[in-house]
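Structure assessment
Residues per chain are reported as follows:
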Amino acid sequence: MSRAAVTWHPPSLPTSDGREFPVRHAWCVGRNYAEHAREMGVDPERASPVFFSKPARALVHADSVAYPPETEELHHEVELVVFLASGGRCLSPEQAAASVFGYAVGVDLTRRDVQSRAKQAGQPWEMSKGFDQSGPVGLIVPSRDWAPAPESTIELAVDGRRRQAARLGEMIWPVPELLAALSRTVTLEAGDAVFTGTPAGVAALEPGERVRAHVEGLPELDLTIAAA
Ligand code: MN
């Protein structure tokens, strides 16, 4: 029996200059700010960055995301997200920097209870990170219009109360070095998004709460957590 051709369109995210960025894959790094590594019980001096993934489809540009199923501990992690115009393997930091298309603020939403149970059981914790709508992001600003500076602030507030605040210079692995390290493990490609890690202050969200995530100089992400 013949079937109709399968059609599929990559998820795409809007840019600040009215274009669309087609997302191929979303990479993430854990433990890229020392204070957050400590709050997760890891010595930042001894830990190298941990890479993991979200499905491309998890990235959304929206003013509301649904509280996900199968968790009672949904955590926010505000992050600078980097979007790639090109890729490659074993990139130098200079080559990695030249591969960047642009930047946005994003939130790596995490089912912390699922992650904790998986860690204790020695099981993969992918389902704690890769659920639907787990990567809300703001408008993508092209790299010609904005670049991360060490003094730039990154922060997140819930219902007007600040929960996370740091400067981008606190990253253990700055963007070029982080991309170079990731490219030694996998081939990076055009359309890739890279969540660059979160500072300290991660905590639980409840349905109905309003999340405002901001990186200085980038459009704010203003998000409501809708009922399940
Ligand atoms: Mn994260």
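Everything that follows concerns the structure shown earlier in this document.
Since we're looking at a predicted model, the values are computed, not measured.

It is worth spelling out the overall build of the chain at this point. If you tally the helices and strands in the chain, you get four helices and 18 strands. Each of the three principal axes of the chain carries a C-alpha extent, and together these read 50 × 40 × 40 Å. Within the chain, contacts between residues separated by at least 24 positions form 75% of all contacts whose residues are at least 6 apart in sequence. Total accessible area on the chain stands at roughly 10,800 Å², and carbon and sulfur atoms take up 50% of it. Averaging the locations of the 22 positively and 30 negatively charged side chains of the chain gives two centres separated by 3 Å.

At 2.0 to 2.2 Å from the manganese ion lie its protein donor atoms, namely Glu77 (OE), Glu79 (OE) and Asp108 (OD). Written as a sequence motif, the donor arrangement for the manganese ion is E-x1-E-x28-D. Placement of glutamate 77 in the loop between strand E7 (74-75) and strand E8 (78-84) and of aspartate 108 in the loop between strand E9 (100-107) and strand E10 (110-111) is noted, with a sequence separation of 31 residues between them. Here the two residues glutamate 77 and aspartate 108 agree in accessibility, since each one is buried.

Pairing is mixed across the open sheet formed by five strands, whose spatial order is E6-E18-E17-E13-E14. A single partner strand is all that each edge strand has here, and the edge strands are strand E6 (64-66) and strand E14 (161-167). Averaged over all pairs of adjacent strands, the angle between their axes in this sheet comes to 20°, without regard to strand direction. Relative to strand E17 (residues 210-215), strand E13 (residues 153-158) runs antiparallel, the two sharing five bridges. Among the inter-strand pairings, glutamate 155 is bridged to a residue of E17, identified as histidine 214.

Residues lying three or four places apart along an α-helix face the same way, a consequence of the helix completing one turn every 3.6 residues. Counting buried residues in helix H4 (residues 175-183) gives seven out of nine residues, a clear majority hidden from the surface. Those residues of H4 not exposed but buried are Val175, Leu178, Leu179, Ala180, Ala181, Leu182 and Ser183. Where H4 is buried, its residues contact strand E3 (25-30), strand E4 (50-54), E8, helix H2 (93-98), E9 and strand E15 (192-195).

Cut-offs and rules
Residues numbered from 1 in each chain as written. Predicted model: local features only at pLDDT ≥ 70, side-chain atom pairs only at ≥ 80, totals over all residues. Heavy atoms only, no water. Helix = DSSP H or I, 4+ residues; strand = E, 2+ residues; numbered from the N terminus. Contact = heavy atoms within 4.5 Å. Areas by Shrake-Rupley, 256 points an atom, 1.4 Å probe, with all protein chains shown as cover. Lys, Arg positive; Asp, Glu negative; His and termini not counted. Charge placed at Lys NZ, Arg CZ, Asp CG, Glu CD. Donors = N, O, S within 2.8 Å, 3.2 Å for Na, K, Ca; no water. Buried < 20%, exposed > 50% of the residue type's maximum accessible area, 1.4 Å probe, protein only. Pairing = 2+ DSSP bridges. Axes fitted to C-alpha atoms, helices over the stretch in contact; angles between N-to-C directions.

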